[in-house]
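So you can see what is in the structure, the chains are spelled out below.
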Amino acid sequence: MNITILTVGKIKEKFFRQAIDEYAKRLSGYAKVEQIEVKDEKEPNNASPKDLELIKEKEGQAILAKIKQQQYVITLEVNGEALTSVGLSQKIEMLMNRGSSDIVFVIGGSNGLGQAVKQRSNYELSFSNMTYPHQLMKVILLEQIYRAFKIMKGESYHK
């Protein structure tokens with residue numbers, strides 16, 4: 001199983017990086033994990049809605065350039081489907097059983113995802129109606145994927 005975490009922007013805070021590295025290490029016992037970061041576009045002061053769309057489009061082009069055709073793409077979106085931890089585990093297991101063993105999770109930039117990325121998405125996943133910092137979302141995502149594999153294998157961790 002290949003899991004790619006594709007994000008816009010770099011993780012700057014050391015404590016987020018440490019948590020991300022820890023969950024990626026734990027997850028590596030279950031899947032090959034790759035982390036890809038694409039550059040976030042600078043947002044001008046007083047950016048217009050058109051400016052923001054252009055930023056999302058540019059970031060989207062960078063995201064799409066990193067996705068292979070055979071990969072199953074799960075985008076994290078506020079309006080996506082909310083799953084429980086067990087539900088996410090079942091989703092990943094179903095994909096594995098269907099032969100989709102190369103999954104990309106996409107976390108967009110601070111302005112969200114461009115339309116082209118949304119169109120490429122195979123599945124829209126929501127963790128909450130709330131907004132989280134992108135660095136924290138990467139930690140939460142990796143922890144939930146790790147939890148999903150523990151559930152799948154019937155191992156203790158999930159409470």
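Located above this text is the structure these notes cover.
It should be emphasised that the depicted structure is a prediction, and the values quoted were computed from it without experimental measurement.

## Let's talk about the overall build of the chain
Piece 1. Helix and strand content of the chain: five helices and five strands.
Piece 2. Against the globule reference of 15 Å for 159 residues, the chain gives a C-alpha radius of gyration of 16 Å, in line with a compact fold.
Piece 3. The dimensions of the chain, computed from C-alpha atoms along their principal axes, are 50 × 35 × 25 Å.
Piece 4. Across the 159 residues that make up the chain, the buried fraction comes to 43%.
Piece 5. A fraction of 83% describes how many contacts in the chain between residues 6 or more apart in sequence connect residues 24 or more apart.
Piece 6. Only carbon and sulfur atoms are counted for the fraction: they give 47% of the accessible area of the chain, which is about 8,900 Å².
Piece 7. If you average the places of the 23 positive and of the 19 negative side-chain charges in the chain, the two averages end up 4 Å apart.

## A short note on the packing of aromatic side chains
Piece 1. Tallied over the entire structure, the rule returns four aromatic pairs.
Piece 2. Both rings, one in tyrosine 23 and one in tyrosine 146, keep their centres 6.3 Å apart while their planes meet at 50 degrees; by these two values the pair is tilted. Separated by 123 residues along the polypeptide, tyrosine 23 in helix α1 (residues 14-27) and tyrosine 146 in helix α5 (residues 134-152) bring together distant segments of the chain. Each member of the pair, tyrosine 23 together with tyrosine 146, is buried.
Piece 3. Site record: aromatic cluster; members linked through ring pairs are Tyr23, Tyr30, Tyr146 and Phe149.
Piece 4. Above the ring of tyrosine 123, the side-chain terminus of lysine 91 is found at 3.9 Å from the ring centroid.

## Remarks on helix α2 (residues 49-65)
Piece 1. For α2, built from 17 residues, the straight-helix expectation of 24 Å at 1.5 Å per residue is met to within 8% by its first-to-last C-alpha distance of 24 Å.
Piece 2. Buried positions along α2 lie against β1 (2-8), β2 (32-38), β4 (102-107) and α4 (115-120).

## Examining the nonpolar core
Piece 1. By size, the foremost hydrophobic cluster in this structure holds 28 residues, and its most contacted members are Ile3, Ile74, Ile92, Phe105, Ile145 and Phe149.
Piece 2. Of all elements in the fold, only β1, α1, β3 (72-82), α3 (85-97), β4, β5 (123-126) and α5 reach the threshold of two or more residues within this core.
Piece 3. If one sorts the elements of this core by residue count, α5 sits on top with nine residues.
Piece 4. Here isoleucine 92 is in contact with Met1, Ile103, Phe105, Ile145, Ala148, Phe149 and Met152, once residues within four sequence places are set aside.
Piece 5. Among the nonpolar cores identified, the runner-up in size contains 11 residues, and Ile36, Val73, Leu113 and Val117 belong to it.

## A look at the sheet that holds β3
Piece 1. Across the sheet, five strands lie side by side as β2-β1-β4-β3-β5; this open sheet has parallel pairing. Since the sheet does not close on itself, it has two edges, and those belong to β2 and β5, each with one partner. Taken pair by pair, the neighbouring strands of this sheet meet at an average axis angle of 30 degrees, ignoring direction.
Piece 2. Across the sheet, α2 touches β1, β2 and β4, and the angle it forms with β1 is around 160 degrees.

Reading the values: rules and limits
- Think of each chain on its own: its residues are numbered from 1, step by step along the sequence as written.
- Where totals are concerned, whole chains, interfaces and linings use all residues; where local detail is concerned, this predicted model gives features only for residues with pLDDT of at least 70, and gives and counts side-chain atom pairs only at 80 or more.
- Water and hydrogen atoms were dropped before computing side-chain values, which therefore reflect all heavy atoms in the structure.
- Runs of E in the DSSP output that reach at least two residues are strands. Runs of H or I that reach at least four are helices, and both are numbered from the N terminus.
- Radius of gyration here uses only the C-alpha atoms, and the compact-globule reference equals 2.2 Å multiplied by the residue count raised to the power 0.38.
- Working definition: with a 1.4 Å probe on protein chains only, accessible area under 20% of the residue-type maximum means buried, over 50% means exposed, and in between means partly exposed.
- Throughout, a contact is declared for two residues whenever any of their heavy atoms are within 4.5 Å.
- The accessible surface values rely on the Shrake-Rupley method and a 1.4 Å probe; as for residues, cover is taken only from the protein chains in view.
- Note that His is not counted, nor are the chain ends; the positive residues are Lys and Arg, and the negative ones are Asp and Glu.
- To locate a charge, the coordinates of NZ of Lys, CZ of Arg, CG of Asp or CD of Glu are taken.
- Working definition: a ring pair exists when centres of Phe, Tyr or Trp rings (six-membered ring for Trp) sit within 6.5 Å. Plane angles under 30 degrees give stacked, over 60 give edge-to-face, the rest tilted.
- Put simply, a charge is over a ring when the Lys NZ or the Arg CZ is close to the ring centre, within 6 Å, and near the line of the ring normal, within 35 degrees.
- Given the number of residues in a helix, its expected span is that number minus one, multiplied by 1.5 Å.
- Residues belong to one nonpolar core when they are buried, are Ala, Val, Leu, Ile, Met, Phe, Trp, Tyr or Cys, and are joined through side-chain atoms within 4.5 Å.
- Following DSSP output, two strands are said to pair if at least two bridges run between them.
- Here an axis means a line fitted to C-alpha atoms, over the contact stretch when the element is a helix, while the angle between two N-to-C directions is reported on a 0 to 180 degree scale.

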